[in-house]
Amino acid sequence: MKRLIAGAALAVMSLTGGAMAQDYPERPIMMMVSYGAGGATDFQARIVTMTAGNEDALGMPIAIINKPGAGGRVGWNWFATQADADGYTLAAYNVPHFIAQSIKGGVEYSADSFEPIANWGADPAVFVVATDSPFNSMDDVIAHAKENPGKLTFSGAGLFVGHHIAALQIEKAAGVKMAYIPTKGGGAAAMKAVIAGEVMGGINNLSDAFRAQEAGNVKILGVADLERSEFLPDVPTMMEQGLDVDNSSVNFRGVMVPKGTPQEVIDKLAATVPEMFKNDRVAKKMQAGGSPMHVMTRDEVIEMWAAREQTLKELLAGL
């Protein structure tokens with residue numbers, strides 16, 4: 001009798017799960033962004049989700065909710081501990097940000113707190129200065145830093161985000177100490193600090209920097225990646241300028257859900273969201289905004305998260 005009851009229960013659960021996947025989503029979806037409005041993550045999240053309501057996508061719109069603070073910690077702490085695991089609360093992830101933060105501690109999340117759905121972009125870190133800055137290359141920056149230890153101020157979006165990872169790599173590669181200043185408002189605030197002359201330079205996302213340079217507000221001196229960007233073909237990589245800085249700080253962005261979200265919902269999102277990212281309208285808007293796309297499936301993101309976690313553990317050891 002017990003076996004019959006258990007079998008019946010499993011059958012009901014299977015039918016319920018199938019119905020859930022078939023009907024999902026039945027109402028609009030929220031996606032939390034851990035950074036402020038106007039920054040690269042927010043800017044891109046609004047573009048890549050703009051076709052969610054189409055019948056060939058999810059059939060329901062996705063509304064962006066910003067929960068900025070502490071380099072993403074505020075939003076991801078909330079998402080890991082308070083968000084409903086029902087498929088109607090998604091979040092944008094930033095790697096290496098949340099993985100590096102969990103390695104260093106003081107947060108309530110780790111990679112195991114979330115389930116990745118799909119990746120939409122890979123945004124390298126770049127070093128920027130105001131247009132009237134006397135610095136015109138990384139050589140100029142490093143020379144000043146060597147002559148003035150700890151006095152070259154430069155902004156970034158927070159501690160142990162991609163910007164900070166790039167900063168640590170630059171300092172180590174050049175054998176210098178600079179004054180990294182994390183801002184409260186994410187990448188947008190970090191860029192404003194450079195433009196306003198509050199700092200001597202900054203590390204920011206390529207996409208934010210591209211738009212700022214197009215507006216005539218900054219100069220981009222170097223890219224923290226293995227190859228030059230198609231958006232900035234005339235800007236050399238850090239390695240080309242003699243700095244041993246690889247692609248560990250490249251900002252991968254995508255969508256995730258809380259651990260505990262029904263597998264049927266995860267599967268439906270994982271099948272639909274990557275195709276949504278490939279929409280022609282999305283690609284054109286991302287291209288116009290200087291935002292590099294790099295679409296990856298759920299399985300590919302799982303592998304990427306694991307590889308980045310191992311790299312970051314080695315990079316951050318002893319810091």
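Below is a short write-up of the structure. Sequence positions are assigned chain by chain, starting from 1 and proceeding in written order. The predicted nature of this model means local features are confined to residues of pLDDT at least 70 and side-chain atom pairs, given and counted, to a pLDDT of 80 or more, with totals for whole chains, interfaces and linings taken over all residues. As a convention, hydrogens and water are excluded, and side-chain values are obtained from all of the structure's heavy atoms.

**Some thoughts on unusual backbone geometry**
Line of reasoning, step 1. Put simply, Tyr24 and Pro25 share a cis peptide bond, and its omega is -5°.
Line of reasoning, step 2. If you trace the backbone, Pro25 turns up in the loop between α1 (2-23) and β1 (29-33).
Line of reasoning, step 3. With a phi angle near 55°, Ala70 is a residue other than glycine that sits in the positive phi range.
Line of reasoning, step 4. Each helix is a run of DSSP H or I of at least 4 residues and each strand a run of E of at least 2, with the numbering of both proceeding from the N terminus. You can see Ala70 is positioned in the loop between β2 (62-66) and α3 (73-81).
Line of reasoning, step 5. With phi around 60°, Phe160 is a residue other than glycine that occupies positive phi space.
Line of reasoning, step 6. Looking at where Phe160 falls in the secondary structure, it is placed in the loop between β6 (153-156) and α6 (162-174).

**Side note on helix α8 (residues 206-214)**
Line of reasoning, step 1. With a 1.4 Å probe rolled over the protein chains alone, any residue whose accessible area is under 20% of its type maximum counts as buried; one over 50% counts as exposed, and the rest are partly exposed. Listing the buried residues of α8 in full gives Leu206, Ser207, Asp208, Ala209, Phe210 and Ala212.
Line of reasoning, step 2. Where α8 terminates, the next one or two residues include Gly216, which has phi positive at roughly 80°.

**Examining the packing of helix α2 (residues 40-48) against α8**
Line of reasoning, step 1. For the pair α2 and α8, interaxial distance at closest approach is 8 Å and the crossing angle is 95°. As judged from the angle between their axes, α2 and α8 are roughly perpendicular. Contact with α2, carried on its side by Ala40, Phe43 and Gln44, involves Ser207, Asp208 and Arg211 of α8 and no other residues of that element.
Line of reasoning, step 2. Residue type decides the class: Asp, Glu, Lys and Arg count as charged, Ala, Val, Leu, Ile, Met, Phe, Trp, Tyr, Cys and Pro as nonpolar, and the leftover types, Gly among them, as polar. Partitioning the contact of α2 with α8 into residue classes produces two nonpolar, two polar and two charged. Between N-to-C directions, angles span 0 to 180 degrees; the directions come from axes that are lines fitted to C-alpha atoms, helices contributing only their stretch in contact. Should an angle fall under 35 degrees it is called roughly parallel, over 145 degrees roughly antiparallel, and 65 to 115 degrees roughly perpendicular, with every other angle called oblique. What makes two residues a contact is simply this: any of their non-hydrogen atoms within 4.5 Å.

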